[in-house]
Amino acid sequence: MKTASALLAAAILGTIFACGCAGKNNKGTTATDGAGLELNGKMPEKLPDGLSWYDFKEDKEIFAYLDDQFEDCFVSDVTVCDGRTWVYVYDSGSDIFESHVMSFDKDGNVVTDFTCQDVFSDDISLDRMTGGSGIYLYAYDFSKDRELLYPIDTKTGRADPSNSIDMTAMLPSGKSVTGCAFAGSDLLLLASDRNSSVMVADPATGSVKKDLELKDFSKTYQITFLEGIMAAGSDKAVVWGNTSSNMYFGRIRYVVVDLETGEEKALDELTGLPLHNLSSCGDDLVTVTDEGVYRIDPDSGETELAMPFNCSNCNRFLVNNSDLCYADDDTMVFYYSSRNAGPGQISNAVCYFTKTDTYPASGKDILTVASTEDLDYSISEAIMLFNSQSSTSYMMYDGRYKANTNIDYSNTDNADKAALDALTSYGSVSDRLAMDLMSGTGPDIIITGGANEQLSRGEYFLDLSDYIKSNSSINEETYFVNAFEAMKYNGALYQLPIGFYVDGFISSSENFGGRNGMTFDEYTAMVKDVCNGNDPLFDHQLSYSRTEVATKLFANTSEMFIADGRIDVNNEAFKAILDYCKDLPAKAYYDGKDLDMEFEDYISAKDNMPVQPDRFRDFQRFEEFSMRFENVSFCGYPSIDGRSASVGSDLAVSVSAQSSDPDSCKEFIGILLSDDIQHSLTENIPVNKKCARELFTEEIEDHNRWHEKGYGSSFFAGTGKQIDPAVADRYIGQLSEATTSSFVYHNISLIIYEEVPAYFEGQKSFDDVCAAINNRAQTVLDERK
């Protein structure tokens, strides 16, 4: 596969940001992005030397063709070789399961189409297509218990069953192939049994040149099981695996192995980058972030921002979740695939970046957008739409304020530690953002998880209540106005939800006694009578320790403890919370559990729970319960006054009070609330009721189609029941009735985390714990005055 390091080694013209930043409209040193472009003022008339503009194209034509050709298909792998795009696709809609290797020219025309089952017997399982010094089919021969590679002739597009590379024959007895890759002309094998090793072999002769035994990765790198291998040039390999058998905590970690010496190094420690993805293409090792494509030197760990996304109007999410499959001096090609894409999203695309002499952002006013989270599909699409439509402004990404960028690979099952780390990170980011907003060096627009009390001040953000009131299309009939109201802080809407979720219990209305909220006494009675004594807020929730439950219930009733800049938790409401949590198990459900191994038991136990807690971000859980109960309803978590389920958001937008162009910022909000963007939301419910109803109706229709075909259900196999379309309207109604506002006080939640365990464990009295919380929390509140 042809590549050129020159493109990926583009000059780095600046650091991520400069110190001593001046205001957005003041003279002085200004913040810059990773490519050295200033984040305020105007875009330069001409890009600095070493930077180029890249046209971006999402090529969906190939996948549209496949959808037309096959009743039901799944694309497994995509690569680029010899000027063509190669696709490995499973045809699962026909009576006979078939797989195809297909190649397409640059115009999307089919060049070759090889049906593998025409020449391969049923004993051969053709698992996937892989690249390297050419293109290969990775296969397993059941009749001989062999793992094989079949080269594909790129001229004919075909593989020959008599021509294979026998990887099993290269291994010592008892070992199996976990992964393979090509480093130049050598074949790298990740061989595993009780001890794993990287083997360097000659694919032509089958001889093994080196067998490098790996250390105990579980002790050294917290990797519980290895999953794959890739080449990093001709003398390095990268192996990777998951750090926990618990699905909620596992993280992929990458380790560089020197093929000459066997020396190992954790790649994240070398680079200092959060490595959520990694690709190998030719001699290049790259990772993608919201800022752009970074080239990594596997020897030193040095990174270079080879292609900054601020120099291209692209959907960053697509590329950030893609694999690089080709690069030369002028072009980068990525393959994006998602099994979880929503109806308004792209599920498959080949993404092309092509260097061009045009520069559409020249001289435009700069508008900066930052996010405390990874940019999702919808926000990325909205940024791209804004830049395409605005004739005066160009939106740049400011990457200084993302929370949780550090990955704790050592935390394999500790829920409290994960929550504390998140609270600490958000608190730190909020402090930095508040300081920069006040000085005028912060972003124009910030995307947050919403309900952040620390940032809900008029000195930081504009009150967007008037924007909502002046928009005649926003009313109770068209939007979830309750979501807007719940996000208000002291009557002001500083963080406008683009999407939202409802946090509470789900069951039949009868199980809740017809209520939409419960006091602690009512909740205790329901646990006994309906749940057979199994508390659903703890059992099978799989996300809360009793300390975390306490902070959640505190957030749901925070106005009972904090008002007018003063805090007092020494009252009946807080004691009810702590007394309830004190009776929960001391050990979090996570601790010590291999949830991957116990997944079936967990699912069956959860299915039998008549009342379940969750954050409802889409239609699936309501859909599931509608097949079990009549009159499915939401109910709030226990509280002293029996309040409803809470409304939150993982996707809220704020406009800096210091922005020099609030009108353009509001144009961007209009795009976020538009049908196109609202219909593309997946991890949050659209605030636009029309789009929400369309998404829910589409899911019902999809489920019923699967049921008619005899597949059971698209999400819940074996239910054997179609869904009444009227369930979508009931869901809309239930979402509209959730009104509890749940604001997160990150720094105060940290204090609660540290103080309340002493009460749970009987080390301190309630009065002593309250005094400690009040004293420490009041100091935090006073510092903000």
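These numbers come from a predicted model, not from an experiment.

Trainee: Tell me about the overall build of the protein chain, residues and numbers included.
Mentor: Looking only at helices and strands, the protein chain has 20 helices and 36 strands in total. The globule rule puts the C-alpha radius of gyration for 785 residues at 28 Å, and the 28 Å found for the protein chain is close to it. Buried positions account for 57% of the 785 residues belonging to the protein chain. Across the protein chain, contacts joining residues at least 24 apart in sequence account for 62% of those joining residues at least 6 apart.

Trainee: Requested: an account of the pairing of strand β23 (residues 322-327), with residues and values cited.
Mentor: Judged by how many residues are buried, β23 sits mostly within the fold: five of six residues are covered. Sheet analysis places β23 next to strand β24 (residues 331-337), joined by five bridges and oriented antiparallel. If you follow alanine 327 over to β24, its bridge partner there is methionine 332. The antiparallel hairpin formed by β23 and β24 contains three residues in its connecting segment.

Trainee: Lay out the environment of isoleucine 567 in plain terms, naming residues and giving numbers.
Mentor: Position of isoleucine 567 among the secondary structure elements: in strand β31 (residues 566-567). Taking the C-alpha atoms as reference, isoleucine 567 lies 61 Å from glutamate 71; in sequence the two are 496 residues apart. Residues contacting isoleucine 567, with those up to four places away along its chain left out, are Phe561, Ile562, Ile748, Asn774, Ala777, Gln778 and Leu781.

Trainee: Outline unusual backbone geometry, supporting the account with residue identities and numerical values.
Mentor: Residues other than glycine seldom take positive phi values, yet aspartate 145 does so here, at roughly 55°. By the element assignment, aspartate 145 lies in the loop between β7 (135-141) and β8 (146-153). Residue aspartate 145 is classed as partly exposed on the basis of its relative accessible area, which comes to 48%. One non-glycine residue, asparagine 532, lies in positive phi territory at about 55°. Tracing the chain through its elements places asparagine 532 in the loop between α10 (520-529) and α11 (546-556). The exposed category is assigned to asparagine 532, whose relative accessible area is 66%.

Trainee: Residues and numbers for the sheet that holds strand β25 (residues 348-356), please.
Mentor: If you trace the four strands from one edge of the open sheet to the other, you get β1-β25-β24-β23, paired in antiparallel fashion. Two strands close off the open sheet at either side, each with one partner strand: β1 (53-59) and β23. When strand polarity is set aside, the average angle formed by the axes of neighbouring strands in this sheet is 20°.

Trainee: Give a description of the packing of aromatic side chains that names residues and reports values.
Mentor: Overall, the coordinates contain 38 aromatic pairs when judged by the stated rule. On the basis of an interplanar angle of 65° and a centroid distance of 6.2 Å, the ring pair of phenylalanine 317 and tyrosine 336 is categorised as edge-to-face. Of this pair, phenylalanine 317 sits in helix α5 (residues 316-320) while tyrosine 336 is found in strand β24, placing the two residues 19 residues apart along the sequence. For the residue pair phenylalanine 317 and tyrosine 336, the accessibility class agrees, reading buried in each case. Grouped by ring-pair contacts, the aromatic residues Phe616, Phe619, Phe622, Phe634, Phe696 and Tyr731 constitute a single cluster. The positively charged end of lysine 582 is found above the aromatic ring belonging to tyrosine 759, 4.8 Å away from the centroid.

Trainee: Describe the sheet that holds strand β22 (residues 303-308), listing the residues and the values that go with them.
Mentor: Spatially, β19-β20-β21-β22 is the arrangement adopted by the four strands of the open sheet, whose pairing is antiparallel. The strands lining the two open edges of the sheet, one partner per strand, are β19 (279-281) and β22. On average, each strand axis in the sheet is tilted by 35° relative to the strand beside it, whichever way the strands run.

Trainee: Pulling in residues and values, what's your account of helix α2 (residues 61-69)?
Mentor: For an α-helix, 3.6 residues make a turn, and residues three or four places apart therefore share a direction. Those residues of α2 not exposed but buried are Ile62, Phe63 and Leu66. Mapping the buried residues of α2 onto a view down its axis gives an arc of 90°, with all of them on the same face. Facing away from the buried side of α2 by more than 90 degrees, the exposed set consists of Asp67 and Asp68. The inward-facing, buried residues of α2 abut β1, β2 (73-81), β3 (84-91), β4 (98-104), β24 and β25.

Trainee: Mind laying out the pairing of strand β12 (residues 186-192), listing which residues take part and the relevant values?
Mentor: The buried fraction of β12 is high, at seven of seven residues. Of the two faces of β12, the one carrying Asp186, Leu188, Leu190 and Ser192 and the one carrying Leu187, Leu189 and Ala191 are both buried. Sheet analysis places strand β11 (residues 176-183) next to β12, joined by seven bridges and oriented antiparallel. Bridge pairing links alanine 181 to leucine 188 in β12. If you look at the hairpin formed by β11 and β12, you'll find two residues sitting between the two strands, and glycine 184 has a positive phi there, around 65°. Of the strand pairs in this sheet, β12 and strand β13 (residues 197-201) are connected by five bridges, and their pairing is antiparallel. When the bridges of β13 are listed, leucine 190 appears paired with valine 198. Linkage of β12 to β13, two consecutive antiparallel strands, is achieved through a turn of four residues.

Trainee: Tell me what's going on with a negative patch on the surface, and back it up with residues and numbers.
Mentor: Residues Asp67, Asp68, Glu71 and Asp72 make up a contiguous surface patch of negative charge. In this fold, glutamate 71 is placed in the loop between α2 and β2. Accessibility expressed as a relative area gives 63% for glutamate 71, which makes it exposed.

Trainee: Kindly report on the nonpolar core, identifying the contributing residues and their values.
Mentor: Core analysis: the biggest nonpolar cluster contains 106 residues, and Leu496, Phe574 and Phe696 have the highest contact counts within it. At seven residues, helix α20 (residues 766-783) tops the list of elements feeding residues into this core. Once you skip the residues sitting within four places of it in the chain, phenylalanine 574 turns out to touch Phe554, Phe561, Val569, Val756, Phe766, Cys770 and Ile773. If you look at the next biggest cluster of nonpolar residues, it comprises 27 residues, including Ala31, Leu37, Val238 and Leu275.

Trainee: Pulling in residues and values, what's your account of the environment of glutamate 624?
Mentor: The topology assignment puts glutamate 624 in helix α14 (residues 620-626). With relative accessibility at 13%, the residue glutamate 624 sits in the buried group. Here the alpha-carbon distance between glutamate 624 and isoleucine 723, two residues 99 residues apart in the chain, equals 9.5 Å. Within the local environment of glutamate 624, its side chain forms a polar contact with the side chain of arginine 621, the two groups lying 3.1 Å apart.

Here is what the cut-offs are and how they apply
Residues numbered from 1 in each chain as written. Predicted model: local features only at pLDDT ≥ 70, side-chain atom pairs only at ≥ 80, totals over all residues. Heavy atoms only, no water. Helix = DSSP H or I, 4+ residues; strand = E, 2+ residues; numbered from the N terminus. Rg over C-alpha atoms; globule rule 2.2 N^0.38 Å. Buried < 20%, exposed > 50% of the residue type's maximum accessible area, 1.4 Å probe, protein only. Contact = heavy atoms within 4.5 Å. Pairing = 2+ DSSP bridges. Axes fitted to C-alpha atoms, helices over the stretch in contact; angles between N-to-C directions. Phe/Tyr/Trp six-rings, centres within 6.5 Å; stacked < 30°, edge-to-face > 60°. Lys NZ or Arg CZ within 6 Å of the ring centre and 35° of its normal. Arc of directions from axis to C-beta. Patch = residues over 30% accessible without salt bridge, like charges linked within 9 Å, V, L, I, M, F, W, Y side chains within 5 Å. Areas by Shrake-Rupley, 256 points an atom, 1.4 Å probe, with all protein chains shown as cover. Salt bridge = Lys/Arg side-chain N within 4 Å of Asp/Glu carboxyl O. Lys, Arg positive; Asp, Glu negative; His and termini not counted. Charge placed at Lys NZ, Arg CZ, Asp CG, Glu CD. Core = buried A, V, L, I, M, F, W, Y, C linked by side-chain atoms within 4.5 Å. Polar contact = N/O pair within 3.5 Å; in protein donor to acceptor, adjacent residues only side chain to side chain.

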